[in-house]
Structures are given as C-alpha cells and as structure tokens.
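# Summary of the model geometry
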Amino acid sequence: MALDLESLYTDLHRHPELSYQEHRTAKIVANGLRSLGIDAIEGIGRTGVAGVLVNGDGPVVLLRADMDALPVAEETGLPYASAERGTDGDGHDVPVMHACGHDVHVTCLLGAAEALAGSRSEWSGTVVFVFQPAEEFGTGANEMIADGLYDRVPKPDIVLGQHVAPAPAGVVGVHAGPAFAATDDVRITLHGEGGHGSRPEATVDPVVMAAATVMRLQTIVSREVAGGETAVVTVGTMRAGTKSTIIPPHATLGINIRTYDSDVRDRVISAITRIASAEAAASGARRDPDIETFDSFPVVDNDEAATERVLGAFRAAFGSERVIAPGPVTGSEDVGALATAAGAPIVYWLLGGLDPQLFTKALANGTTDAEIPSNHSPFFAPLMHPTLEVGVQALVVAAREWLGA
Ligand code: ZN
Ligand code: ZN
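For clarity, every value in this text was computed on a predicted model and none was experimentally measured. (Residues numbered from 1 in each chain as written. Chains lettered and ligands numbered in written order. Predicted model: local features only at pLDDT ≥ 70, side-chain atom pairs only at ≥ 80, totals over all residues. Heavy atoms only, no water.)

### With respect to the overall build of the protein chain
Tallying secondary structure elements over the protein chain gives twelve helices and 18 strands in all. Compactness check: the protein chain gives a C-alpha radius of gyration of 23 Å against a globular reference of 22 Å for 405 residues, within 12% of the reference. When burial is assessed residue by residue, the protein chain has 52% of its 405 residues classed as buried. Across the protein chain, every contact between residues at least 6 apart in sequence was considered, and the portion connecting residues at least 24 apart equals 82%. A total accessible area of about 16,900 Å² is found for the protein chain, and carbon and sulfur atoms account for 52% of it. Within the protein chain, the 52 negative side-chain charges are centred at a point lying 4 Å from the centre of the 27 positive side-chain charges. (Helix = DSSP H or I, 4+ residues; strand = E, 2+ residues; numbered from the N terminus. Rg over C-alpha atoms; globule rule 2.2 N^0.38 Å. Buried < 20%, exposed > 50% of the residue type's maximum accessible area, 1.4 Å probe, protein only. Contact = heavy atoms within 4.5 Å. Areas by Shrake-Rupley, 256 points an atom, 1.4 Å probe, with all protein chains shown as cover. Lys, Arg positive; Asp, Glu negative; His and termini not counted. Charge placed at Lys NZ, Arg CZ, Asp CG, Glu CD.)

Following this line, the structure appears as structure tokens:
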C-alpha cells in the first residue's frame with residue numbers, strides 16, 4: 001500500500017495541468033485517498049477534491065494543497081521535466097509547467113494522509129484533506145467554498161498548509177501575523193484618438209499617454225507609501241498598436257499590486273486611479289480611462305497563538321537550526337479564504353525546496369537574488385530529497401499538535 005512519493009512526484013511534475021483543468025491530478029488524488037481508506041469527494045469547485053478521515057473525538061484539522069500549474073516552458077533540464085502544452089482561458093496554446101511547486105504540495109499532502117491514516121491509534125480527531133484547484137487565479141479556494149465545501153466536510157478548527165519556496169531543502173519557515181501579501185490586479189485602458197503616424201497633431205496618442213502613466217505610477221511607492229509600510233506596484237503588461245505608421249486608438253496596462261495592510265492597499269488603488277485619469281486629461285483625452293480590478297487575493301494572516309504552537313512542534317521535530325524566520329513575503333496565496341470562511345485560525349508556512357549547495361555558493365558570492373530560481377521561473381527545480389520527506393513530516397507534526405501526540 002505504501003505510496004512511492006518519488007514516482008508520484010515525478011509523474012505529477014511530468015503532467016502539469018493549468019488552473020481548473022486539474023482533472024488527471026484530481027483523479028490521482030482521489031484514488032490515492034481511497035487507497036488509504038479515506039473518503040474522497042471529487043468535483044468540489046470544478047476540479048477540487050476533499051478527503052475526510054474521522055478518527056474519534058477531537059478537533060477538526062484542515063490540511064490544504066493546491067494542484068494547478070502555470071503557462072511556463074520548463075527549462076530545468078530535469079529527466080522528469082514537463083513537455084506538456086495546454087489551452088489557457090483565452091484559447092491560446094501554451095506550455096505548461098509546475099513552476100510554482102504545487103506538485104510538491106500534492107505529493108506531501110498524500111504522504112501526510114498516508115502517515116495519519118497509518119497511525120490512527122496515536123491520535124484522535126478529524127482530518128480534512130483539501131486539494132484545491134486554481135490557486136494561481138486566486139479563485140480556487142473561494143470556488144470550493146461557494147460549491148458547498150463546508151456542507152460536505154466538517155468545518156475546521158484550524159487550517160494548515162505549506163508552500164515550497166526558494167530556501168534550502170530541509171528547512172521550514174513560519175512568520176506570525178500577515179505573512180503573504182494581498183494582491184490585486186488592475187487593468188487600465190487608456191483611450192486616445194487613432195490616426196496616421198505622420199500626423200500626430202490630428203490624434204491623441206495613447207502610447208505616449210501610457211508611457212507617461214507608467215513613469216508616474218512609479219511615484220506611488222516612492223512618494224505616497226510611508227517608509228515603514230510596504231507596497232509593490234508592477235506594470236507587467238503594456239499593449240498598444242499594430243504598426244509603426246499608425247497611432248492606435250487605445251493602450252492597456254496590466255498592473256499588479258502587493259500590500260499587507262488594507263489601508264495601504266486602498267491608498268495605492270486610489271492613487272493608480274487618480275494618476276491614470278490625470279495623465280489622460282494631461283494628454284487631452286476626450287474619454288476617461290477604464291479601470292478594472294480583478295484577481296484579488298486577500299492577505300494570509302497567520303494566527304499568532306497557533307503559529308507559536310506550530311513553531312514549537314517544528315523546533316522539536318526538526319531542531320531549531322532548521323526552522324527559519326522568513327519574515328513576510330510579497331508572494332500571495334488564496335489559502336486564507338478556507339480559514340476565513342470557517343472562522344478558523346490559519347498557519348501557512350514555507351517549505352525549503354532548493355539545493356542547499358546552491359545557497360551556500362550564492363550566499364558566498366552575494367548573488368542569491370540573481371542565482372536562485374524562484375517560483376514561477378522556468379528554472380524552478382525543487383530538490384526531491386529531503387523536500388518531500390520534510391514536507392510530509394511538517395504537515396503531520398503540525399496536524400498532530402492539534403490531534404494529540
Ligand atoms: Zn504561484
Ligand atoms: Zn504557488
């Protein structure tokens with residue numbers, strides 16, 4: 001019956017699936033849970049799966065893994081690298097890769113399910129295993145909740161989970177309080193007046209308007225956010241035009257925002273709106289820009305008391321030297337929605353996943369940011385061992401903190 005974590009992981013890595021298309025992964029998960037004697041419910045929030053292991057009285061612990069991959073062409077050169085392609089939401093044919101390590105999360109959670117199912121005499125309570133779709137859209141957790149997750153499985157007293165991160169394999173890291181940033185995507189459509197490239201005086205050029213807007217947006221973080229506050233504003237897409245001789249009628253900007261505090265978030269969004277409108281007016285636009293907000297993730301706010309319990313359990317299991325203080329990260333996660341909807345505290349930690357030798361070398365050279373591939377990179381290549389073993393153990397140790405030793 002024993003799960004072979006390595007072959008499970010390499011199989012998932014070879015066959016990544018885009019958000020809400022995790023059909024094969026969901027099947028593997030459901031079959032895996034059932035093979036361990038755990039009830040599995042499929043199709044929650046489209047492709048989500050939940051397993052329930054009831055083992056006497058006691059708290060309900062929810063352990064969560066996300067399942068989706070990204071439209072990235074893998075360049076790791078690993079023997080089990082992905083060569084898969086998929087169709088994204090806009091109908092485009094795209095490469096697909098587990099560039100965020102969600103295959104690590106799925107493997108570790110199945111490993112934890114096996115360990116907990118195999119040690120029932122040692123603990124008491126209920127464990128809910130949630131395999132969530134579409135984390136990368138920021139909507140999968142809410143989709144499962146909207147589809148009645150908590151009518152079908154017991155509501156948790158604690159939500160636990162982990163994300164593999166560019167830290168040395170073998171370590172875990174937890175930050176109490178706001179740990180993962182809130183993120184918002186904003187799309188701005190700037191309206192100009194198109195015309196011939198030779199006669200700019202007869203047009204309102206949205207390309208120049210967009211360029212001025214991008215530069216002015218840089219002043220939000222430097223001039224409107226206090227030194228002790230944190231915000232990131234990144235213009236990730238800028239689109240206009242079809243041909244150099246044509247001044248196009250519109251330009252669009254895709255902007256991503258990261259914050260830890262709702263006041264800062266609101267201030268940044270209102271500054272973006274103000275700047276876009278003012279730059280359009282400065283260019284003589286006859287129409288105000290359209291500004292849409294979407295793909296929002298709330299902040300992941302690790303409960304202070306519950307985090308202390310997990311930290312104590314991790315130090316006892318792994319030794320203090322392997323429990324690092326990562327501080328808050330600007331990455332975002334929708335896992336908090338599972339806790340909010342249940343009115344439960346959450347503890348979400350980082351699982352080191354990369355070759356420790358790479359770190360020693362990069363640290364010595366002072367080149368960690370340049371040399372260590374981070375999540376979403378085509379070179380992101382978690383080291384299988386000991387990452388998988390530590391990831392399984394971290395879930396079990398944290399869960400047992402509530403379920404009893
Ligand atoms: Zn990701
Ligand atoms: Zn991720």
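### Some remarks on the nonpolar core
Soluble globular proteins: nonpolar side chains tend toward being buried together. By size, the foremost hydrophobic cluster in this structure holds 63 residues, and its most contacted members are F129, F131, F314 and W349. Not counting residues up to four positions away in its chain, the partners in contact with F129 are L33, I38, V49, A50, G51, L53, L63, L109, A112, A113 and L116. Counting 26 residues, the second largest nonpolar core, distinct from the first, contains I44, V128, M144 and A337. (Core = buried A, V, L, I, M, F, W, Y, C linked by side-chain atoms within 4.5 Å.)

### Topic: the packing of aromatic side chains
Scanning the model with the defined rule gives five aromatic pairs in all. Centroid distance F314 to W349: 5.0 Å. Interplanar angle 85°. Geometry classified as edge-to-face. Separated by 35 residues along the polypeptide, F314 in helix α8 (residues 304-318) and W349 in strand β18 (residues 346-354) bring together distant segments of the chain. For W349, a relative accessible area of 0% corresponds to the buried category. An aromatic cluster is built from F314, F318 and W349, whose rings are joined through pairwise contacts. One Lys or Arg, R46, reaches over the ring of Y20 and ends 3.6 Å from the middle of that ring. (Phe/Tyr/Trp six-rings, centres within 6.5 Å; stacked < 30°, edge-to-face > 60°. Lys NZ or Arg CZ within 6 Å of the ring centre and 35° of its normal.)

### Focus: the domain arrangement of the protein chain
Looking at the protein chain, the domain boundaries give domain 1 (5-181 + 299-402) and domain 2 (182-296). If you look at the interface, domain 1 gives twelve residues, while domain 2 gives eight residues. On the domain 1 side of the interface with domain 2, the three residues burying the most area are A181, T330 and S332, jointly 53% of the side's total. Viewed at the interface, domain 2 and domain 1 are joined by zero salt bridges. Connecting domain 1 to domain 2 are four residue pairs in polar contact (both at pLDDT 80 or more). (Domains from an automatic or database assignment. Buried area = accessible area lost by both parts, 1.4 Å probe. Salt bridge = Lys/Arg side-chain N within 4 Å of Asp/Glu carboxyl O. Polar contact = N/O pair within 3.5 Å; in protein donor to acceptor, adjacent residues only side chain to side chain.)

### With respect to the coordination of the zinc ion (ligand 1)
Those protein atoms acting as donors to the zinc ion (ligand 1) are C100 (SG), E136 (OE), E136 (OE) and H376 (NE2), and they sit at 2.0 to 2.7 Å. Around the zinc ion (ligand 1), the four donor atoms sit at angles spanning 52 to 151°, and that spread fits a shape best called irregular. Here the donor residues of the zinc ion (ligand 1) are spaced in sequence according to C-x35-E-x239-H. (Donors = N, O, S within 2.8 Å, 3.2 Å for Na, K, Ca; no water. Tetrahedral: all angles 85-135°; square planar, octahedral: opposite > 155°, others 65-115°.)

### Regarding the coordination of the zinc ion (ligand 2)
Surrounding the zinc ion (ligand 2) are the protein donor atoms C100 (SG), H102 (NE2) and H163 (NE2), which sit 2.1 to 2.4 Å from the metal. Between the donor residues of the zinc ion (ligand 2), the gaps in sequence give the motif C-x1-H-x60-H. The metal-metal distance between the zinc ion (ligand 2) and the zinc ion (ligand 1) comes to 3.0 Å, with C100 coordinating both. Here the residue H102 occupies a position in helix α3 (residues 102-117), and H163 occupies one in strand β7 (residues 158-168), the gap between them amounting to 61 residues. Both residues of the pair, H102 and H163, count as buried.

### Quick word on the pattern of salt bridges
Under the definition given, this model contains 19 salt bridges. Across the pair R85 and D93 runs a salt bridge, and its minimum N-O distance is 2.7 Å. One salt bridge in this structure joins E401 and R309, with 3.2 Å as the shortest N-O distance. One end of the pair, E401, is in helix α12 (residues 384-403); the other, R309, is in helix α8, with 92 residues separating them in the sequence. Residue classification places E401 among the partly exposed positions, given a relative accessible area of 29%. Shared partners join several salt bridges into a network, and the residues in it are R64, D66, E333 and D334.

### Some thoughts on the sheet that holds strand β1 (residues 39-44)
The sheet built from eight strands is open, its strands ordered β1-β2-β6-β3-β7-β18-β8-β17 with mixed pairing. Two strands close off the open sheet at either side, each with one partner strand: β1 and β17 (323-324). Along the sheet, α12 contacts β3 (60-66), β6 (125-132), β7, β8 (172-173) and β18; its crossing angle with β7, the most-contacted strand, is approximately 155°. (Pairing = 2+ DSSP bridges. Axes fitted to C-alpha atoms, helices over the stretch in contact; angles between N-to-C directions.)

### Overview of the packing of helix α1 (residues 5-14) against α3
Two elements in contact, α1 and α3, have axes separated by 9 Å at closest approach and are oriented at 150°. The orientation of α1 with respect to α3, classified from their angle, is roughly antiparallel. The handedness of the crossing between α1 and α3 is right-handed. In this structure, α1 contributes L5, L8, Y9, L12 and H13 to the contact, and α3 contributes D103, V104, V106, T107, L110 and G111. (Parallel < 35°, antiparallel > 145°, perpendicular 65-115°, else oblique. Left-handed = near helix turned anticlockwise from the far one by under 90°.)

### Quick look at helix α2 (residues 23-35)
Its 13 residues give α2 an end-to-end C-alpha distance of 18 Å, which sits within 8% of 18 Å, the value for a rise of 1.5 Å per residue. Regarding α2, the residues found buried are T25, A26, V29, A30, G32 and L33. An end-on view of α2 places all buried positions within 160° of arc, on one side of the element. Those residues of α2 that are buried lie in contact with α1, β1, β2 (48-55), α3 and β6. (Expected span 1.5 Å × (residues − 1). Arc of directions from axis to C-beta.)

### Focus on the layout of surface pockets
Computed from the structure, the second largest pocket encloses a volume of approximately 180 Å³. Lining the second largest pocket are P166, F359, T368, D369, I372 and S374. Considered class by class, the residues forming the lining of the second largest pocket number three nonpolar, two polar and one charged. (1 Å grid on protein atoms, 1.4 Å probe; cavity = no way out; pocket = protein on both sides within 12 Å on 5 of 7 lines; lining within 4 Å. Points joined across faces, edges and corners; volume = space filled by probe spheres on them. Nonpolar A, V, L, I, M, F, W, Y, C, P; charged D, E, K, R; others polar.)

### As for the packing of helix α6 (residues 206-224) against helix α7 (residues 262-282)
One can describe the packing of α6 onto α7 by two numbers: an axis separation of 9 Å at closest approach and a directional angle of 145°. You can see that α6 and α7 cross each other, and the crossing is right-handed. Where α6 approaches α7, its residues M209, A212, T213, R216, L217, T219, I220 and E224 are matched on the opposing element by R267, V268, A271, I272, R274, I275, A276, E279 and A280.

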